[in-house]
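# A look at the structure
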Amino acid sequence: MTPDTIIEAQGLSHWFGNGEARKQALFDVNLSLQRGSFTVLMGPSGSGKTTVLTLIGCLRAVQDGSVHLLGRQLHGAAEADLVALRRRLGFIFQAHNLHESLTATQNVIMGLQVHRGVPEAVADRAAVHALGLIGLADRAGYLPANLSGGQKQRVAVARALVGNPALVLADEPTAALDKDSAADVVDLLKRLGAARGTTTLLVTHDGRILDRADRILTLEDGRIVKVEDRG
Amino acid sequence: MSRLLQALFGRLPIGWLQLTHNRNRFAAALAGVAFANVLVFVQLGIMNSMGAATLRPYALFQADIMISAGDANSLTDGGNVARQWLLQAMADPDVTDGMGLFLANVPWDRGEKDISLSTFGVDPVKPAFLNPQIAGDLAMLQVQDAAILDRLARGLSKEVAAAIRPQTPLSFESQGRTITAYATFAGGGGFGGDGYMMVSDQTFLSLFPARSSAAPDHILLRLRPGAEVAAVVARLRTLISDTSLRIRSYADAAQEDLRYQQTRRPTGIIFGFGVLIGVLVGLVIVYQVLSTDVADHLREYATFKAMGYGPRFFLGIVLEEALVLGVMGFIPGLIIGTAILTAMGKVTTLPLAMSGSMALSVFVGTVVFSVISGAIATRRLAAADPADLF
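Residues numbered from 1 in each chain as written. Chains lettered and ligands numbered in written order. Predicted model: local features only at pLDDT ≥ 70, side-chain atom pairs only at ≥ 80, totals over all residues.

## Quick look at the overall build of chain B
Note the following rule: Numbering goes from the N terminus for both helices and strands, where a helix is a DSSP run of H or I of at least four residues and a strand is a run of E of at least two. Our radius of gyration is a C-alpha quantity, and the globule rule it is checked against amounts to 2.2 Å times the number of residues to the power 0.38. The burial label depends on the number of other C-beta atoms within 10 Å of a residue's C-beta. Counts of 20 or more mean buried, 12 or fewer mean exposed, and intermediate counts mean partly exposed, with C-beta atoms placed from the backbone. Any residue pair is listed as a contact if its two C-beta atoms, each placed from the backbone, are within 7 Å.
Each helix and strand counted, chain B has 13 helices and nine strands in total. Over its C-alpha trace chain B gives a radius of gyration of 29 Å, far above what one expects of a compact globule, namely 21 Å for 390 residues. C-alpha extents for chain B along the principal axes are approximately 95 × 50 × 35 Å. Taken over 390 residues, chain B has a buried fraction of 45%. Long-range contacts, defined here as pairs at least 24 residues apart, represent 79% of the contacts in chain B between residues at least 6 apart.

Structure representation (structure tokens):
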């Protein structure tokens, strides 16, 4: 593990259910992501992609194996530590998951407000700036209901990046978008991430965006079966 | 409002923004809280008025000690007291004077409506036992069948009441006699009668021939200035051999009557339950609004959880919503409640009115039940699992 290693997972296995219904979802997964890299994790439905994402994202407890995230061991970590680590991550979901009652600016502010102590004026300014970077400065006061699907996902990207996270975890962010919007969102993610040195792990089975990846990991039946470096 | 809440909570006022996002639902929620408030105000107003109406006749007299029959839970309840105990009480060195108090309801046919006057028979030469507003006119009661009438009695118009003077008295028939009112005082309708009337004990006995001058309903005593009431009460309890009698300070008698009316009489219990039901309705309404709101936003809450927001943040949102509903629902509730109590007070002449202490206590109660509802509603937040978002 080098100082630039953001994630180091070794021998990661995971099960769901209990007793006879217990089913293994991951088998001895090893992976390492370096600072600033843009990695795509792909594979068929049920291959375990989402499980990997939720374990790395501190949303599930690590059952077996080790995961070091930003130098912290997740196996056996206390809930409060996991919550603190999550504040250093950016999440982008398949459904944009913007808050319907908040404007685009306010949704982006939520990505900053989680870090206590950021003054209101600073948060406002950073949110407006982030919306400008994704080309939505003129939609700052719009509620999600008044934005297109692509615009909503771009706001979600701004929300994920505004707090300068060390790692962005994106789950099928282009699944519900047309070709142009999908390319737009991924390009934004890559460009803004590269400018900030943010590591990105993007789960998809959208073949249209593979050419943007520095590295492609293919997962099948809970095992990484292929690693393709493109950097 | 948004800026104010943002300054107050030091974060985006998500609770406020959520509530106001759906304006129709927000208005319905506020109407629900206001309704609960009105319910509590009306019940509380009636309960308080019952208290005020109970204490009002006590304010017509001035005494230090009251002796009543053992079963006299209130001024109007219970048996009589033998006058001999008045004479016995006068043997105590601190007792300076005593008066038998007679009490019964006198019907008055007012044409379109019969009214009933709670009538006190008093000694017309003892003004010290009467409230100053009556004491000055007391001597007039020495005239047979003379009365001092409650000008606020139900069924008595202001104009008619205002015209009552010694020069222009008002006469009416009751109990087979012609009663003549020469003066008035401010009483008011209560739950047991439509108003009050003062007559002399002799006139009272003429109106109620079956009653005996030797058996008033209560005995009032006055003590020399500086005398310790509790000590005299204790002495009288040993001095008077009838141990079944209730010998209490006048203030205690009034408070015991009040407690009896509020806790043991059906009316008091019913109004008490009315207040409780109002509070429960408010709790249920606020809980329903908040828990629905939480359920509607579970996905957003799960997203915030994933982003690293902790339980205090979510509790803060729900409590913010509870406070907004409680405070904003209280304002229309207060306005409507005040209007209803004022209208009811005018119609019934009961002392029904909004008081500052009542408004404050209902406001505090509203905020408290809103916060309790909010705290209960936050249990649904546990269902917001960020891992389910993927």
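## Remarks on the nonpolar core
Our working definition: For the purposes of this analysis, a nonpolar core is taken to be any set of buried Ala, Val, Leu, Ile, Met, Phe, Trp, Tyr and Cys residues that are connected through C-beta atoms within 7 Å.
Ranked by size, the top nonpolar core spans 117 residues in total, and within it Ile-56, Val-108, Val-157, Ala-158 and Leu-169 of chain A carry the most contacts. When residues in this core are grouped by element, the largest group, 16 residues, is from helix α3 (residues 23-55) of chain B. Discounting chain neighbours no more than four positions away, the residues touching Val-157 of chain A are Ile-92, Ile-134, Val-185, Leu-188 and Leu-189 of chain A. If you look at the next biggest cluster of nonpolar residues, it comprises 51 residues, including Ala-181, Val-199, Phe-204 and Leu-207 of chain B.

## Side note on the interface of chain A and chain B
Where we set the bar: Ten residue types, Ala, Val, Leu, Ile, Met, Phe, Trp, Tyr, Cys and Pro, are classed as nonpolar, four, Asp, Glu, Lys and Arg, as charged, and the remainder, Gly among them, as polar.
If you look at the interface, chain A gives 23 residues, while chain B gives 19 residues. Residue assignment for the side of chain A that touches chain B shows that the elements contributing at least two residues are α1 (49-56), α2 (79-86) and α3 (104-113) of chain A. With five residues, α3 of chain A is the largest single contributor of residues to the side of chain A that touches chain B. Class assignment of the residues belonging to the side of chain A that touches chain B gives a composition of nine nonpolar, eight polar and six charged.

## Quick notes on the sheet that holds strand β3 (residues 38-42) of chain A
Pairing between the strands of a sheet comes from backbone hydrogen bonds, and it takes one of two forms, parallel or antiparallel. All names here are of chain A. Heads up, the rule is: Strands were regarded as paired on the criterion that DSSP finds at least two bridges between them. Axis definition: a line fit to C-alpha positions, over the contact stretch in the case of helices; interaxial angles, taken between N-to-C directions, run 0 to 180 degrees.
Ordered in space as β6-β7-β8-β3-β9-β10, the six strands form an open sheet in which the pairing is mixed. Taken across any chain shown, the strands that pair with only one partner, and hence form the sheet edges, are β6 (89-92) and β10 (223-229). Put simply, the sheet's adjacent strands are angled 15° from each other on average, direction ignored. Relative to strand β9 (residues 215-220), β3 is paired through four bridges, and the arrangement is parallel.

## Side note on the pairing of β6 of chain A
Residue and element names in this part refer to chain A. Residues Leu-89 and Phe-91 of β6 are buried on one face, and the alternating residues Gly-90 and Ile-92, pointing to the opposite face, are buried as well. With four bridges joining them, β6 and strand β7 (residues 167-171) adopt parallel strand pairing. Paired with Ile-92 across the two strands is Ala-170, which belongs to β7.

## Observations regarding the packing of α3 of chain A against helix α4 (residues 120-133) of chain A
Residues and elements named next belong to chain A. Put simply, the rule is: Convention used here: angles under 35 degrees read as roughly parallel, angles over 145 as roughly antiparallel, angles from 65 to 115 as roughly perpendicular, and any remaining angle as oblique. Should the near helix be turned anticlockwise from the far one by less than a right angle, the crossing is termed left-handed; should it be turned clockwise, right-handed.
Contact pair α3 / α4: the axes reach a minimum separation of 9 Å and the direction vectors enclose 120°. When the interaxial angle is binned, α3 and α4 end up oblique. Two packed elements cross with a definite hand, and for α3 against α4 that hand is right-handed. Of the residues in α4, those in contact with Ala-104, Thr-105, Val-108, Ile-109, Leu-112 and Gln-113 of α3 are Ala-123, Asp-124, Ala-126, Ala-127, Val-128, Ala-130 and Leu-131. Of the residues belonging to the contact of α3 with α4, the class tally is 10 nonpolar, two polar and one charged.

## What about the environment of Pro-57 of chain B?
All names here are of chain B. Along the chain, the position of Pro-57 falls in the loop between α3 and β1 (65-68). The spatial distance from the C-alpha of Pro-57 to the C-alpha of Gly-195 is 9.8 Å, given a sequence separation of 138 residues. Ignoring sequence-local partners within four residues, the contact set of Pro-57 consists of Leu-75, Ser-118 and Tyr-196.

## A look at the sheet that holds strand β1 (residues 5-16) of chain A
Residue and element names in this part refer to chain A. With antiparallel pairing, four strands are arranged side by side in an open sheet as β2-β1-β4-β5. Single-partner strands in this sheet number two, and they are β2 (23-34) and β5 (72-73). In the sheet, β1 pairs with β2 via eight bridges, with the strands oriented antiparallel. Bridge pairing in β2 links Leu-12 to Val-29.

## Things to note about the domain arrangement of chain B
All names here are of chain B. Formally: Domain boundaries shown here were taken from an automatic or database domain assignment.
We note that the domain assignment places domain 1 (2-54 + 266-389) and domain 2 (82-244) within chain B. Taking the mean C-alpha position of each, domain 1 and domain 2 sit 48 Å from one another. If you look at the interface, domain 1 gives seven residues, while domain 2 gives six residues. Looking at side-chain class alone, the side of domain 1 that touches domain 2 contains four nonpolar, three polar and no charged residues.

## Some points on helix α1 (residues 2-9) of chain B
Of all eight residues making up α1 of chain B, only zero are buried, and the element is barely covered by its neighbours. Within two residues after α1 of chain B, Gly-10 of chain B carries a phi angle of roughly 70°, on the positive side.

## Things to note about the confidence of the model for chain B
Applicable threshold: pLDDT runs from 0 to 100 and stands for how confident the predictor is about each residue.
Summarising the model, chain B shows a mean pLDDT of 89, and 99% of its residues fall at 70 or more. The complex prediction reports pTM at 0.74, with the ipTM value standing at 0.88.

## Comments concerning unusual backbone geometry
Positive phi, close to 50°, is recorded for Asp-28 of chain A, a residue that is not glycine. Inspection of the secondary structure assignment puts Asp-28 of chain A in strand β2.

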